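Residues per chain, in single letters:
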Amino acid sequence: MRHRDNAGHEGVIEAGGIQWMTAGRGIVHSEMPEQEDGLLAGFQLWVNLPAGHKMIAPAYQEYAATALPVEQLADGAQVRVLAGRTASGTAGPVSQPLTEPNYLDVGLPPGVVWSEPVPATHNGFVLLYEGSANLPGPNGADVELAVDDLAVLARGGRVSVRAGDAGARFLLVSGRPLNEPVARGGPFVMNTLAELRQAMVDYAAGRL
């Protein structure tokens, strides 16, 4: 995926690599697929910024697949750590102290159970993108996940995922909530409608 912006930043996110972009203020950004063969698959997650930091200078953190640490467990489970830190102490390269994100890409062989604590201060979810899996539900019964299902997690405790017959690949993502209002429209995310309208007016007038 090739990306570039109006400030002269440009690069290519290659297979297995990641980009963590802090949009901040004044950036017009484009992303165009550039695969050589076959299908393209990936994830784009928008993480809000606190009100007092929405107009900070833009910044990029980019890492190739080889720069992402991987926990290889004895039962065959693999955990790629993009952001945050696992219970075993493996830390990802992305740093964002404003929301303290944890972002794990987990692969499980058939029938394997994997468990990881979720900070009590964080909201979190599991997104299954390959195979099938079960999670313990709030009433004691298992919750079955199929591809593209997203399970919102309770605060704190541990998440436990059992892979189905074909194994499972999923994202475990959590972050510290901001508890602020959100106003969004098009590519803009602000806190109030007035701020959102002002952002659109500034963009139309070329005030970047």
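Reference entry: report on the structure contained in this document.

Basis of the calculations
- Residues numbered from 1 in each chain as written.
- Predicted model: local features only at pLDDT ≥ 70, side-chain atom pairs only at ≥ 80, totals over all residues.
- Heavy atoms only, no water.
- Helix = DSSP H or I, 4+ residues; strand = E, 2+ residues; numbered from the N terminus.
- Buried < 20%, exposed > 50% of the residue type's maximum accessible area, 1.4 Å probe, protein only.
- Contact = heavy atoms within 4.5 Å.
- Areas by Shrake-Rupley, 256 points an atom, 1.4 Å probe, with all protein chains shown as cover.
- Lys, Arg positive; Asp, Glu negative; His and termini not counted.
- Charge placed at Lys NZ, Arg CZ, Asp CG, Glu CD.
- Salt bridge = Lys/Arg side-chain N within 4 Å of Asp/Glu carboxyl O.
- Pairing = 2+ DSSP bridges.
- Axes fitted to C-alpha atoms, helices over the stretch in contact; angles between N-to-C directions.

Attention now moves to the overall build of the protein. Across its full length, the protein carries one helix and 15 strands. Judged by the C-alpha coordinates and their principal axes, the protein covers about 55 × 40 × 30 Å. Within the protein, the fraction of its 208 residues that count as buried is 34%. For the protein, contacts bridging at least 24 residues in sequence account for 65% of all contacts bridging at least 6. Of the roughly 12,100 Å² of accessible surface on the protein, 53% is carried by carbon and sulfur atoms. Put simply, the protein has 14 plus and 22 minus side-chain charges, and the middle of one group is 9 Å from the middle of the other.

Let us now look at unusual backbone geometry. A positive phi angle is found at E100, which is not glycine, with a value near 50°. Topologically, E100 is positioned in the loop between strand 7 (78–83) and strand 8 (102–108). Phi is positive for N179, close to 55°, though the residue is something other than glycine. Within the secondary structure, N179 sits in the loop between strand 13 (158–175) and strand 14 (183–185). In this structure N179 comes out as exposed when scored by relative accessible area, which is 72%.

Moving on, we come to the side chain of E71. With respect to the secondary-structure elements, E71 resides in strand 6 (residues 70–72). Buried charge without a salt bridge: E71, with R85 as the nearest opposite-charge side chain at an N-O distance of 8.8 Å.

This paragraph deals with the sheet that holds strand 2 (residues 10–12). Read across the open sheet, the three strands follow the order 2-1-4; overall the sheet is antiparallel. Only two strands of the sheet have a single neighbouring strand rather than two, namely strand 2 and strand 4 (29–32). Across the sheet, the mean angle separating the axes of adjacent strands is 15° when strand polarity is ignored. Taken together, the three bridges between strand 1 (residues 2–5) and strand 2 define a ladder with antiparallel strand orientation. Note on strand 2: the bridge partner recorded for R2 is V12.

Residues of strand 9 (residues 113–117) alternate between two faces, with W114 and E116 buried on one and V113, S115 and P117 left unburied on the opposite face. Sheet analysis places strand 9 next to strand 13, joined by five bridges and oriented antiparallel. Directly across from S115, in strand 13, lies its bridge partner S160.

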